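Listed here are the chains, written in short residue letters.
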Amino acid sequence: MASPTHARRARKRARAAVAASLGTVLASGALFVGVQSATAGPSEDPSMNESFEAAAEKYDVPRDVLAAVGYSETHFDGHDGKPSQAHGFGVMHLVSNPSRHALEQAAEITGESVAELRENTDANIHGGAALLRAHADKLGLSAAERDDVDAWYQAVARYGGGKGAVARMYADEVYKILEKGVRGSTPDGERVTVQGQAVHPEKGKLAAAGPQKQSPDYPDAAWVPANGNNFAKGRNAKIDKIVVHVTQGSYAGTISWFQNPEAKVSSHYVVRSKDGAVTQMVRDADTAYHARSANASALGIEHEGYVDDPSWFTDSMYRSSAKLTRHLADKHGVPLDRKHIVGHNELPGNDHTDPGKHWNWDTYLKLVKG
C-alpha cells in the first residue's frame, strides 16, 4: 500500500494533469476554459458527497473549503433551481445579476449550460469549484499553496462578491465553518459533513478591512449602509409596524446585495442565523425598500435563510431578533401584537411568502414580550 505522502503526491500529479488540460488563466486575468464535468452515468446522478469530492479533485480546491462555501451559502440545499434574493442559484449560489455574472463565468469555465448549472446539483458544485479555482489563479496561488486550506481565504472572499468589510465577513463565516466543522443534510436526507480543523487564514489586505462600525440606532448592531439607490431619505408616515422577512440568501450575501445599486431593495436590519448577529443598513428614520405600500410606515428586519428550510431559524436568531424588535417597538411606540409585528406575506399588495410556515410566531412573540 502506498504511503499517505505518496498517495497525496499521486493525487496532486493527477490534479495537475487535469488543470493542464483545462488551460490556464491568461495574464490579463481571463478565466481558463474547461470541459464539461463528469457525471456518474446516464441514469443516476452522483450524491452530493461524490460531487464535492469530484469537483474538488478536478479543480484542485480543498474539498472542505468547497463544502464550507456551499454550507455557508445554502445549507446544502439547491432549492430546485429557484433564485435567491440576489439571483443566485443552486447549492453553490452561482449569482447572475446586473453587476455579478458568476453563473455565466462558471458556464464559460466548465462548458456546462447556464440552465444545467442552475438546476443540476453536480454541475452547480463543479461550477462553484471552477470559480474558486479561477479566483485562486488570479491571486497567483501556486500548486503547493492550493493544498493549504489557509491560503484560500482571499479566494473565498472574492467568491462572495462583497468588498472590504463585507468580503471579510463572508470569508470569516466560511472559515468558522472550517474551524468548527458542520454536519448538514441535503433535502433528500444525505449527510454531508465538514471536518473541524485548526485554521489560520492568510487574510492579506482584508486583515485591515474590519471591524464594522457600530449602528447609530441599535447599540447591539453593526453599521453597513445600503446603497443610496436602495432606500429613500426620511419618511412620509409614522412608524407603526415591524415587518419580519427572510433573506432567501446568506447573511453576508444579503448585506452585499443591499449595497449593490442595481438591487433597488433593502431592509433596516439583517440578522444572522448561527449567532443572531445584527447589521443595520438603513436608518430607522429613513424608508427602506422592503414592503411596497408599507415602506413608509414600517421597519424591516431580514433574517438569514430560506423560507422552506427551518434549519436556518435558530434559537440564537429568534432571541436576537426578538430583542431587536422589542427595542424598536419601545422606541417607536409600536404595539406588541400580531397586527403590528407582521410577516412580509401578511402585507397587502405583495407577492412574497416570507417568513413562511417554518417561522414560529408563538415563540417569537413570547420572546418579544419577555
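Up top is the structure these notes are about.
To keep things clear, this report deals only with the structure shown in the data block. (Residues numbered from 1 in each chain as written. Predicted model: local features only at pLDDT ≥ 70, side-chain atom pairs only at ≥ 80, totals over all residues. Heavy atoms only, no water.)

Read from one edge to the other, the open sheet built from three strands follows the order S1-S2-S3, with strand pairing classed as antiparallel. Edge positions in the sheet fall to strand S1 (88–89) and strand S3 (100–101), since each has one partner strand and no second. Relative to S3, strand S2 (residues 94–97) runs antiparallel, the two sharing two bridges. For Ser96, the partnering residue across the bridge sits in S3 and is His101. (Pairing = 2+ DSSP bridges. Helix = DSSP H or I, 4+ residues; strand = E, 2+ residues; numbered from the N terminus.)

This part takes up the sheet that holds strand S11 (residues 278–280). If you trace the seven strands from one edge of the open sheet to the other, you get S6-S7-S11-S10-S13-S9-S14, paired in mixed fashion. The open sheet has two free edges, formed respectively by strand S6 (213–214) and strand S14 (341–343), since each of these has just one partner strand. Across two bridges, S6 lies against strand S7 (residues 221–223) in antiparallel orientation. Looking at S7, one finds that Gln214 is bridged to Ala222.

A side chain with one charge may pair with a side chain of the opposite charge, provided their charged atoms come close. The full count for this structure, using the stated rule, is 19 salt bridges. Measuring nitrogen to oxygen at the nearest pair gives 2.8 Å for the salt bridge that ties Asp275 to Arg272. Residue classification places Asp275 among the partly exposed positions, given a relative accessible area of 36%. Of the residues examined, Arg272 reaches a relative accessible area of 10% and is grouped as buried. Between Lys331 and Asp284 there is a salt bridge whose closest N-O contact spans 3.5 Å. One end of the pair, Lys331, is in helix H11 (residues 315–332); the other, Asp284, is in the loop between S11 and strand S12 (287–288), and 47 residues separate them in sequence. (Salt bridge = Lys/Arg side-chain N within 4 Å of Asp/Glu carboxyl O. Buried < 20%, exposed > 50% of the residue type's maximum accessible area, 1.4 Å probe, protein only.)

Under the defined criterion, the tally for this structure stands at eleven aromatic pairs. Seen from their ring centres, Trp359 and Trp361 are 6.3 Å apart, and the 70° between their planes marks the pair as edge-to-face. Trp361 matches Trp359 in its accessibility class, with the two residues each being buried. In this structure an aromatic cluster arises from ring pairing among Phe313, Tyr318, Trp359, Trp361 and Tyr364. Positioned above the aromatic ring of Phe89 is the side chain of Arg118, whose terminal nitrogen or guanidinium carbon lies 5.7 Å from the ring centre. A cation over a ring is seen here: Arg338 above Trp361, with NZ or CZ 3.7 Å from the ring centre. (Phe/Tyr/Trp six-rings, centres within 6.5 Å; stacked < 30°, edge-to-face > 60°. Lys NZ or Arg CZ within 6 Å of the ring centre and 35° of its normal.)

Here strand S5 (residues 191–194) shows one buried face, formed by Val192 and Val194, and one open face, formed by Arg191 and Thr193. In terms of strand pairing, strand S4 (residues 182–185) meets S5 through four bridges, oriented antiparallel. Residue Val182 lies in a different strand from S5, and its bridge partner there is Val194. Taking the residues between adjacent antiparallel strands as the criterion, S4 and S5 are bridged by five residues, where Gly189 takes a positive phi near 95°.

A few words on the side chain of Glu173. For Glu173, the position within the fold is in helix H9 (residues 164–180). Look past the residues within four positions of Glu173 in its chain and what remains in contact with it is Ser72, Arg272 and Lys274. (Contact = heavy atoms within 4.5 Å.)

Functional significance is not addressed by these values, which are geometric in nature.
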